[in-house]
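Here's the letter readout for the chains.
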Amino acid sequence: MSANPMLPYLGKLVETRDLAAAITLLRIELLNGGGEAFRTSQPGQFAFVSAFGLGEAPFGIANTPQRGTAVDFAVARLGSVTTGLHELGEGDMVGVRGPLGNWFPMDKFKGKSLVVLGGGIGGAPLRPVIQHVLDHRADYGRLTILWAARRPDLLVFTDEYDEWRAAPDTSLHLTVDTPDEAWKYDTGLITQLLERTAPLPENSVTITCGPPVMIYHTTNLLAKMGFPPEWNYVTLEARMHCGLGKCGRCNLGEKLVCVDGPVFNMEAVGDLLETYL
Amino acid sequence: MKKAKPEGERAKSVSDKRPVEYSQRWTISHKELETWLDGIAAARTLLAPRDVSGVTLYRPVANSAEIAPVFTRPLLSVKGVFFPPTERMFTIHKTGLEVQLEETFPEWETVVFGVRPCDARGARLLDAIFLNTNPVDAFYARRRENTTLIGLACKELGPTCFCTSVGGSPDDASGVDIMLYETEGGYLAQAVTEKGRYLIPGGEWKETDLAHQPSAAGSQYHVPEKDEWPGRFKDDYCAYVCPTCRCFVVRDEVLAPGEFERLRCWDSCMGENYRRVAGGHKPRFKRGERQRNRFFCKFYYFPEQYGLGAASACTGCGRCIEVCPVGVDVTEVLVDMEEQV
Ligand SMILES: Cc1cc2nc3c(=O)[nH]c(=O)nc-3n(C[C@H](O)[C@H](O)[C@H](O)COP(=O)(O)OP(=O)(O)OC[C@H]3O[C@@H](n4cnc5c(N)ncnc54)[C@H](O)[C@@H]3O)c2cc1C
Ligand code: SF4
Ligand code: SF4
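For clarity, every value in this text was computed on a predicted model and none was experimentally measured. (Residues numbered from 1 in each chain as written. Chains lettered and ligands numbered in written order. Predicted model: local features only at pLDDT ≥ 70, side-chain atom pairs only at ≥ 80, totals over all residues. Heavy atoms only, no water.)

Undergrad: Can you break down the interface of chain A and chain B residue by residue, with the values?
TA: On the side of chain B, 48 residues touch chain A, which itself brings 52 residues to the contact. Viewed at the interface, chain B and chain A are joined by two salt bridges. Of the charged contacts, one joins Glu56 of chain A and Arg262 of chain B as a salt bridge, the two residues approaching to 3.3 Å between their closest N and O atoms. Taken together, chain A and chain B are joined by 17 residue pairs in polar contact (both at pLDDT 80 or more). No other element matches strand E6 (residues 93-100) of chain A, which puts three residues into the side of chain A that touches chain B. When the residues that make up the side of chain A that touches chain B are grouped by side-chain class, the tally is 26 nonpolar, 17 polar and nine charged. (Contact = heavy atoms within 4.5 Å. Salt bridge = Lys/Arg side-chain N within 4 Å of Asp/Glu carboxyl O. Polar contact = N/O pair within 3.5 Å; in protein donor to acceptor, adjacent residues only side chain to side chain. Helix = DSSP H or I, 4+ residues; strand = E, 2+ residues; numbered from the N terminus. Nonpolar A, V, L, I, M, F, W, Y, C, P; charged D, E, K, R; others polar.)

Written out as structure tokens, the structure is:
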């Protein structure tokens with residue numbers, strides 16, 4: 001990367017696709033050295049994506065570099081930058097700055113069973129975790145995916161569920177708060193689904209990402225179920241403007257989400273989560 | 001880009017005090033000081049305390065006559081010299097599907113005269129973030145490198161000053177390049193760094209063995225007296241006047257059709273929307289919680305995040321006390337915090 005870490009790489013949108021209601025997948029081919037930088041990105045890292053003229057915002061990297069040279073982001077349309085990104089089409093240029101932050105220590109997880117809990121757009125940074133496990137299936141134990149959204153049309157990566165379900169020793173459990181007529185899976189909160197699914201805490205690691213309240217309640221329940229805090233991982237988000245530990249905004253107590261995170265285990269942030277809500 | 005470690009500590013390497021590199025000293029008269037500053041102002045940008053509608057600020061001066069004759073510390077610190085309220089980081093040119101980014105860096109050389117020890121310390125504290133913790137901030141580094149600080153020791157503490165209570169002192173030379181101490185009829189000048197030595201007119205000044213006698217105020221615990229606080233600003237102003245507050249936002253502005261600039265601008269953690277995220281959720285929303293975060297940042301988070309050890313990120317300049325409209329006093333909070341520990 002250039003000597004100026006605030007300067008993004010240029011990237012060309014090679015694919016845009018609706019993932020869910022108001023959520024778009026952006027597939028970006030990086031130019032001027034960016035491809036090289038992202039070749040070593042790790043599950044859990046993030047990057048800033050620019051809609052030039054509107055600004056930039058942070059997004060979880062949604063694929064592993066082993067799955068292709070382009071970088072994927074799943075972007076929910078919520079405000080000015082995200083709306084700008086939704087309006088772009090194939091061939092348009094964006095800026096990408098990263099990869100930033102720490103990541104899930106996938107090597108440390110080897111030999112363990114994984115419980116992956118994703119809520120809404122929080123599924124985006126979990127997709128590379130799932131891809132990594134599926135691509136190195138023998139290295140890990142059982143993979144249990146609990147996937148939730150407010151409504152069925154807000155579930156992300158639906159076209160990949162068959163691949164996940166078909167993988168050895170892997171199960172996918174879906175729930176929504178408000179079902180529609182066609183819905184044939186669980187209804188209710190992800191915590192209820194977790195109680196019903198009841199994965200075993202022995203030799204397991206959990207990974208949770210979603211809205212703050214979901215993270216708060218899910219990690220509390222996991223602790224009650226006997227999952228030890230040092231093996232309960234979360235990925236957090238906070239408003240941030242640099243991703244480099246400079247702009248000061250994203251602190252959680254003395255921790256900076258951008259450089260000390262976004263990946264934390266509950267041993268490190270358990271006491272601080274109240275201030276996150 | 002350098003990768004963060006997946007778990008555990010970040011690399012931190014900051015020492016709060018830098019060693020005084022030089023100790024060569026001169027005695028100079030008022031006239032010699034004026035001639036010297038006039039020479040500097042003619043060759044490069046000279047910033048100095050200056051009266052702007054009744055408020056003292058570091059501003060460009062054309063000659064020494066424009067410098068405020070008597071001042072304690074200016075209302076705004078020297079922070080803005082290295083980290084301006086608004087900085088253009090690059091421009092964006094769009095033509096059809098093509099996009100070009102053009103980096104813009106400040107290149108000019110600046111000398112600041114009359115820097116009070118607390119402000120010099122503030123610059124050292126910002127160094128901990130922008131220079132000494134990876135990645136180095138390209139803009140800050142450029143400005144810092146191109147700036148020479150001429151310090152002026154304080155003879156006494158001003159009404160809201162409490163530098164001596166947070167490890168500083170009115171005659172601390174550790175953050176400037178040249179230090180001036182007022183004497184009978186002139187100044188004792190000391191070169192502190194090589195950069196400072198470079199600015200001193202070689203043969204013209206009279207070298208001396210006299211050393212500055214450390215100020216008696218240096219070790220006193222000082223608490224400002226409340227009655228003298230004017231309190232004239234709005235409720236997130238403390239962050240703007242503080243020499244070590246550095247929160248910023250990044251945003252794009254339109255210059256012309258297809259032409260944009262990416263800016264970063266000062267921001268305040270006391271602002272209501274500081275943490276607002278898309279969708280409207282605002283963690284740390286109440287004023288008390290924001291207040292708590294600001295003080296914890298100064299005395300705990302900042303030192304912890306940037307490896308300052310026991311040092312605090314408050315220089316004791318007392319500006320936030322001076323501008324607070326509701327009389328929030330960092331020294332009272334500090335005493336409370338110490339009692340709670
Ligand atoms: C580490 C991290 C990973 C993220 N991953 C994803 C993802 O994979 N997919 C996704 O859709 N969203 C993700 N987000 C949230 C996303 O960054 C915000 O939705 C986005 O910033 C909103 O920008 P906006 O300009 O559209 O909103 P506006 O409301 O117009 O916001 C203005 C500015 O505020 C800041 N901001 C607002 N909300 C957030 C927020 N939640 N987090 C950080 N900054 C914010 C941004 O700088 C933004 O440009 C992530 C956030 C973080 C911190
Ligand atoms: S706080 Fe100390 S160094 Fe700063 S102006 Fe006051 S006396 Fe001088
Ligand atoms: S006294 Fe107030 S303005 Fe000055 S450094 Fe401390 S917190 Fe900042």
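Still more ground to cover, so stick around.
Undergrad: Please set out helix H3 (residues 127-135) of chain A residue by residue, giving values where relevant.
TA: Most of H3 of chain A sits out of view: eight of its nine residues are buried. Arg127, Pro128, Val129, Ile130, Gln131, His132, Val133 and Leu134 of chain A are the residues of H3 of chain A that are buried. (Buried < 20%, exposed > 50% of the residue type's maximum accessible area, 1.4 Å probe, protein only.)

Undergrad: Can you lay out the domain arrangement of chain A for me, pointing to particular residues and giving the numbers?
TA: Residue and element names in this part refer to chain A. What the domain assignment reports for chain A is domain 1 (9-100) and domain 2 (113-276). Averaged C-alpha coordinates put domain 1 and domain 2 at centres separated by 21 Å. Listed by partner, the interface residues are 24 residues for domain 1 and 27 residues for domain 2. Note on domain 1 versus domain 2: buried area summed over both sides is about 2,000 Å², and carbon and sulfur give 59% of it. Counting across the interface, domain 1 meets domain 2 through four salt bridges. When contributions to the side of domain 1 that touches domain 2 are tallied by element, the ones reaching two or more residues are strand E1 (9-20), strand E2 (23-30), strand E3 (46-51), strand E4 (55-60), strand E5 (71-76) and E6. In terms of residue count, E5 provides more of the side of domain 1 that touches domain 2 than any other element does, four residues in total. A class-by-class count of the residues in the side of domain 1 that touches domain 2 yields 15 nonpolar, three polar and six charged. (Domains from an automatic or database assignment. Buried area = accessible area lost by both parts, 1.4 Å probe.)

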